[in-house]
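Coordinate analysis (summary)
Chain by chain, the residues run as shown.
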Amino acid sequence: SMNLIATLIYDLPSAVARRLAWLAPLIARLTIGWVFVSTGWGKLHNLQKIIDYFTELGIPYPQYQAPFASANEFVCGLLVLVGLATRIASIPLIIVMFIAIKTAQWGNVDSFAGFFGLTEWAYVAIFAWLAIAGPGPVSLDRLIATAMKRQEI
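Residues numbered from 1 in each chain as written. Predicted model: local features only at pLDDT ≥ 70, side-chain atom pairs only at ≥ 80, totals over all residues. Heavy atoms only, no water.

Digging into the overall build of the protein
Each helix and strand counted, the protein has 8 helices and 0 strands in total. For 153 residues, the compact-globule estimate of 2.2 N^0.38 gives 15 Å, and the protein exceeds it by more than 25% at 19 Å. The principal-axis extent of the C-alpha atoms belonging to the protein is close to 65 × 45 × 20 Å. For the protein, with 153 residues in total, the buried portion stands at 33%. A sequence separation of at least 24 residues applies to 63% of the contacts in the protein between residues at least 6 apart. (Helix = DSSP H or I, 4+ residues; strand = E, 2+ residues; numbered from the N terminus. Rg over C-alpha atoms; globule rule 2.2 N^0.38 Å. Buried < 20%, exposed > 50% of the residue type's maximum accessible area, 1.4 Å probe, protein only. Contact = heavy atoms within 4.5 Å.)

Overview of unusual backbone geometry
In the Ramachandran plot, Tyr-61 falls in the positive-phi region, its phi being about 50° despite a non-glycine side chain. Positionally, Tyr-61 belongs in the loop between helix 3 (47–57) and helix 4 (62–82). Since its relative accessible area comes to 58%, Tyr-61 is described here as exposed. Positive phi outside glycine occurs at Lys-149, with the angle close to 55°.

A word on helix 7 (residues 119–133)
Taking 1.5 Å as the rise per residue, helix 7 with 15 residues should run 21 Å; its terminal C-alpha atoms sit 21 Å apart, in good agreement. Where helix 7 is concerned, the buried positions are Glu-120, Val-124, Phe-127, Leu-130 and Ala-131. When helix 7 is viewed along its axis, its buried side chains cluster within an angular range of 130° and face the same direction. Along its buried surface, helix 7 packs onto helix 2 (23–44), helix 4 and helix 5 (86–105). Of the residues trailing helix 7, Gly-134 is marked for its positive phi of about 95°. (Expected span 1.5 Å × (residues − 1). Arc of directions from axis to C-beta.)

Quick notes on the nonpolar core
Of all hydrophobic cores here, the largest spans 13 residues; its most connected members are Ile-32, Phe-36, Val-80, Leu-93, Met-97 and Phe-127. Looking at this core, the elements with two or more residues in it are helix 2, helix 4, helix 5 and helix 7. Ranked by residues supplied to this core, first place goes to helix 5 with 6 residues. Sequence-distant contacts of Ile-32, that is, excluding residues within four places in its chain, are made with Val-80, Tyr-123, Ile-126, Phe-127 and Leu-130. Judged by nonpolar contacts, the second largest core, of 6 residues, contains Phe-54, Ile-59, Ala-66 and Ala-69. (Core = buried A, V, L, I, M, F, W, Y, C linked by side-chain atoms within 4.5 Å.)

Some remarks on the environment of Ala-89
Along the chain, Ala-89 turns up in helix 5. Taking the relative accessible area as the measure of exposure, Ala-89 reaches 3% and is therefore buried. When the C-alpha positions of Ala-89 and Val-75 are compared, they lie 8.4 Å apart, and in sequence the two are 14 residues distant. If near-sequence neighbours (up to four positions away) are discounted, Ala-89 is found in contact with Cys-76, Leu-79 and Val-80.

See the structure below:
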């Protein structure tokens, strides 16, 4: 009957999703946080190579921009990873990804599909989701909010 179909298509998946709602932001944070912690760390330990690359790309003041971007990836990536100041930490990472798209990837974009297929764009989408939806219940942000008797984070 239609009721059974509605239950299988809508009610059951919604019930499962409600029980697993904590998992999506945790997986997103752990995944993208780890990516940025590891790339930031690698860049911080190979700064001359990153400065040379930024110089090739024509980024102004590469001797300042390279360490700044690398430290940003590492520090903000670590904050996202542990879920501390997640909404704020996501914003500089979104900015860095837009800069990466403009400076390093724009020449490879020849269509909407090409743009939306960029890894950097996927990172923007995940960081935007975390900035808006928050870090989820398994995060330092939630632990702090609970301890401070704050509303939902």
